[in-house]
2 protein chains.
Amino acid sequence: MLEADRIYNFNPGPAAMPLEVLKEAQAEFLNFNKSGMSIVEISHRAKAYDEVHNAAKADILELMNLSADEYEVMFIQGGASLQFAMVPLNFATADKKGYYALSGQFAEKAYDEANILGVGEVAASTKEEKYVRVPRQSEIKLADKAAYLHICMNNTIFGTEYHYVPETNGIPLIADMSSDMLSRPLNFNKFSLIYAGVQKNLGPAGVVLVVAKKSFVENSPTTLPTMLRYNTFYKKNSLYNTPPAFCIYMVGKVAKWLKSMGGLSKMHELNKKKAALVYDAIDGSNGFYRGHAEKDSRSLMNVTFRLPSEDLEKKFVAEALENKLGGVKGHRSVGGMRASIYNAMPYEGCERLADFMNKFRKENA
Amino acid sequence: MLEADRIYNFNPGPAAMPLEVLKEAQAEFLNFNKSGMSIVEISHRAKAYDEVHNAAKADILELMNLSADEYEVMFIQGGASLQFAMVPLNFATADKKGYYALSGQFAEKAYDEANILGVGEVAASTKEEKYVRVPRQSEIKLADKAAYLHICMNNTIFGTEYHYVPETNGIPLIADMSSDMLSRPLNFNKFSLIYAGVQKNLGPAGVVLVVAKKSFVENSPTTLPTMLRYNTFYKKNSLYNTPPAFCIYMVGKVAKWLKSMGGLSKMHELNKKKAALVYDAIDGSNGFYRGHAEKDSRSLMNVTFRLPSEDLEKKFVAEALENKLGGVKGHRSVGGMRASIYNAMPYEGCERLADFMNKFRKENA
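Residues numbered from 1 in each chain as written. Chains lettered and ligands numbered in written order. Predicted model: local features only at pLDDT ≥ 70, side-chain atom pairs only at ≥ 80, totals over all residues. Heavy atoms only, no water.

## Comments concerning the relation of the copies chain B and chain A
Logical step 1: Relative to chain A, chain B is turned by 180° and slid 0.0 Å along the rotation axis, the superposed coordinates differing by an RMSD of 0.0 Å. In short, the pair behaves as if placed about a two-fold rotation axis. (Least-squares fit on C-alpha atoms with pLDDT ≥ 70 in both.)

As structure tokens, this is what we get:
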């Protein structure tokens with residue numbers, strides 16, 4: 001049930017968080033764990049914080065079914081945008097370039113940062129098709145001496161998502177999972193490094209969750225500034241300097257919430273049901289709603305669609321908000337609507353959106 | 001009055017925040033400004049967030065008595081440690097090096113990052129004196145073609161602080177003010193760039209406040225990754241990518257609180273009175289407490305002192321906590337005690353600490 005003064009929040013990020021998590025954080029905001037201080041006031045070298053930090057790391061690995069012997073969880077600031085630079089800085093050279101599969105605006109931005117350094121190559125692109133789908137396995141071309149393949153797993157703006165993990169034949173696979181991290185089980189072992197700005201699926205903006213093979217990040221170029229080397233974070237348990245403690249604390253709470261919901265398999269089932277409600281409203285609209293993404297690339301996280309006219313689109317946004325459905329306006333590069341239905345969006349929110357879509361269509365078709 | 005379940009928090013950072021600010025944030029945590037969402041769930045492109053962001057910037061400039069025509073307030077992630085790298089990356093070259101006044105561990109770390117890039121020089125150092133004071137004006141040596149002079153305004157670990165602004169004769173002055181930002185009025189116009197990790201005086205860990213002359217940051221090397229260029233933040237109002245919204249929101253609240261307290265002059269008066277309480281307890285102890293800093297470099301923010309033995313120091317920490325005085329243990333490189341008494345530490349907290357110090361001395365001398 002929606003609480004009286006809250007709305008269903010379909011924003012693409014920062015985005016809805018589980019209400020239980022928000023309430024817990026609120027209740028203990030002045031006195032964390034009997035410390036007599038707020039979580040925002042506690043030293044990052046104190047035991048009370050250490051427990052929060054390490055539990056978040058352990059819970060994330062457990063959810064991903066990864067071994068702590070093999071994988072490291074790191075918390076890095078600067079957003080995915082800084083990762084776009086850290087990846088080529090740490091792993092690519094002019095001789096051994098990073099390869100990028102272009103599937104949307106953020107994949108392009110990652111490639112652009114490699115290009116600033118002169119170390120990027122395109123492995124595949126669906127740009128000419130206006131990013132209505134992600135590249136297919138057969139389209140991804142890698143040189144033998146590629147430093148890595150970089151993919152953007154879910155394309156927030158275009159509403160597309162990989163439903164397979166690309167095979168790279170031994171070349172390290174790196175993925176930006178900012179908008180679908182921990183939304184479904186994957187064979188995460190196939191990835192050398194995964195990063196995700198947490199503000200979509202995992203917590204408040206201000207930290208990037210990086211999960212990487214230890215062997216992949218244990219050595220970083222010593223010509224790089226300390227804070228741009230992955231091994232600074234790996235070797236210091238992400239405590240080389242003061243971490244963004246509140247964000248990590250909230251991510252830890254979300255990880256516990258995910259466990260309480262049954263983990264990634266259960267979350268995936270729920271996310272499929274939620275997305276089906278909205279996609280069914282599109283597919284059953286006789287063309288009134290037109291989905292942007294091709295069906296086999298449809299994202300479970302961001303549903304993008306257009307209406308017959310821009311006037312109707314404006315009306316849709318306004319009436320949706322009157323119905324306590326907020327943040328449904330799409331990105332300007334696609335236009336129309338976008339319903340972001342991350343883990344924290346309850347089933348009822350999607351039901352209410354689908355009902356509203358059906359009602360709106362009948363009134364305006 | 002200390003609330004029943006809270007303690008006086010003398011941690012060096014993350015550190016105490018104004019209780020009024022914490023309570024306000026707590027009260028509106030589930031529904032910010034009638035948006036129906038938490039501040040952590042609101043889009044950074046939404047009007048409700050924009051107002052928070054821009055008010056924080058304006059209030060900070062007002063507190064610093066700086067003109068918005070001339071200075072820009074930026075919010076950057078990565079901590080002061082990333083600033084240590086961004087400063088030389090943006091401003092120094094092998095031909096025109098950055099000059100560093102070494103006054104403590106963080107000043108050294110800033111210099112180290114310039115050295116990784118091969119662009120750092122020492123302008124002055126008090127290392128041989130164990131950093132018991134900051135360099136004097138007469139000791140600071142700058143080449144004519146220095147790119148800048150970098151100083152660390154307050155040295156958290158050693159408990160020293162500049163009580164003058166170095167004259168650089170036209171060479172840009174850059175200061176790390178992480179541990180005394182907005183604690184006193186200064187002629188901020190003398191600085192080309194000031195940065196401060198907010199977790200000591202200004203808010204929750206996770207954002208650095210950067211205040212810079214617009215003319216100094218409007219052009220950045222295009223060979224740098226986008227997120228390492230100051231002009232990315234300047235030209236995009238610190239909204240090139242998702243900002244650490246919760247931290248900025250809290251910094252904004254602290255800025256409003258500072259204004260309600262009467263601004264930096266009033267805060268300075270209060271900070272001097274608070275520090276005097278603790279320094280008087282040291283100076284009147286007949287050598288039982290020995291201050292680390294020389295008197296004319298004493299910090300108003302971090303009071304560092306030793307006791308006659310390490311056993312007594314351990315006892316002091318334990319009994320202080322029983323008296324609801326937390327976080328008084330010093331940094332390992334100095335040893336002993338450190339009382340961090342930033343803006344948010346109330347006068348009563350310092351009174352209580354001084355009373356405790358006097359009582360402890362009588363019982364253990």
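## Some remarks on the interface of chain B and chain A
One widely used convention gives an interface's size as the accessible area the parts lose upon coming together.
Logical step 1: On the chain A side, the residues contacting the 60 residues of chain B number 60 residues.
Logical step 2: Each partner contributes to the roughly 4,700 Å² buried at the junction of chain B and chain A, and carbon and sulfur atoms together form 59% of this total.
Logical step 3: When the buried surface of chain B facing chain A is broken down by residue, Gln26, Leu30 and Glu41 of chain B rank first, second and third, together holding 14% of it.
Logical step 4: Viewed at the interface, chain A and chain B are joined by two salt bridges.
Logical step 5: At the boundary of chain B and chain A, one finds 23 residue pairs in polar contact (both at pLDDT 80 or more).
Logical step 6: Per-element accounting of the side of chain B that touches chain A gives the leading share, six residues, to helix 1 (residues 19-27) of chain B. (Contact = heavy atoms within 4.5 Å. Buried area = accessible area lost by both parts, 1.4 Å probe. Salt bridge = Lys/Arg side-chain N within 4 Å of Asp/Glu carboxyl O. Polar contact = N/O pair within 3.5 Å; in protein donor to acceptor, adjacent residues only side chain to side chain. Helix = DSSP H or I, 4+ residues; strand = E, 2+ residues; numbered from the N terminus.)

## Focus: the side chain of glutamine 199 of chain B
Logical step 1: Counting through the fold element by element, glutamine 199 of chain B comes out in the loop between strand 9 (193-197) and strand 10 (208-213).
Logical step 2: Here glutamine 199 of chain B falls in the buried class, since its relative accessible area comes to 12%.
Logical step 3: Among the polar contacts listed, one links the side chain of glutamine 199 of chain B to the side chain of threonine 242 of chain A, at a separation of 3.2 Å.
Logical step 4: Aside from chain neighbours lying at most four places away, what touches glutamine 199 of chain B is Thr242 of chain A together with Gly13, Pro14, Ala15, Pro204 and Ala205 of chain B. (Buried < 20%, exposed > 50% of the residue type's maximum accessible area, 1.4 Å probe, protein only.)

## Describing the packing of aromatic side chains
Logical step 1: Taken as a whole and assessed by the stated rule, the structure comprises 40 aromatic pairs over all chains.
Logical step 2: On the numbers, 5.8 Å between centres and 55° between planes, the contact of tyrosine 100 of chain A with tyrosine 111 of chain A is tilted. Within this pair, whereas tyrosine 100 of chain A is found in strand 3 (residues 98-102), its partner tyrosine 111 of chain A is found in helix 4 (residues 105-116), the two being separated by 11 residues in sequence. For the pair tyrosine 100 of chain A and tyrosine 111 of chain A, one class covers both residues: buried.
Logical step 3: The interplanar angle of 40° and the centroid separation of 5.8 Å between the aromatic rings of phenylalanine 246 of chain B and tyrosine 249 of chain B together place this pair among those described as tilted. Remark: tyrosine 249 of chain B and phenylalanine 246 of chain B occur in helix 7 (residues 245-260); sequence separation between them is three residues, near one turn of the helix. (Phe/Tyr/Trp six-rings, centres within 6.5 Å; stacked < 30°, edge-to-face > 60°.)

## Some words on the pattern of salt bridges
Residue and element names in this part refer to chain A.
Logical step 1: Within this structure, the stated rule accounts for 42 salt bridges over all chains.
Logical step 2: Note that glutamate 3 is salt-bridged to lysine 23, the shortest N-O span being 2.3 Å. With glutamate 3 in the segment before strand 1 (8-9) and lysine 23 in helix 1 (residues 19-27), the pair connects residues that are 20 residues apart, well separated along the chain.
Logical step 3: In this structure glutamate 3 comes out as partly exposed when scored by relative accessible area, which is 29%.
Logical step 4: Through salt bridges that share partners, Asp59, Glu62, Lys256 and Lys259 make up one connected network.

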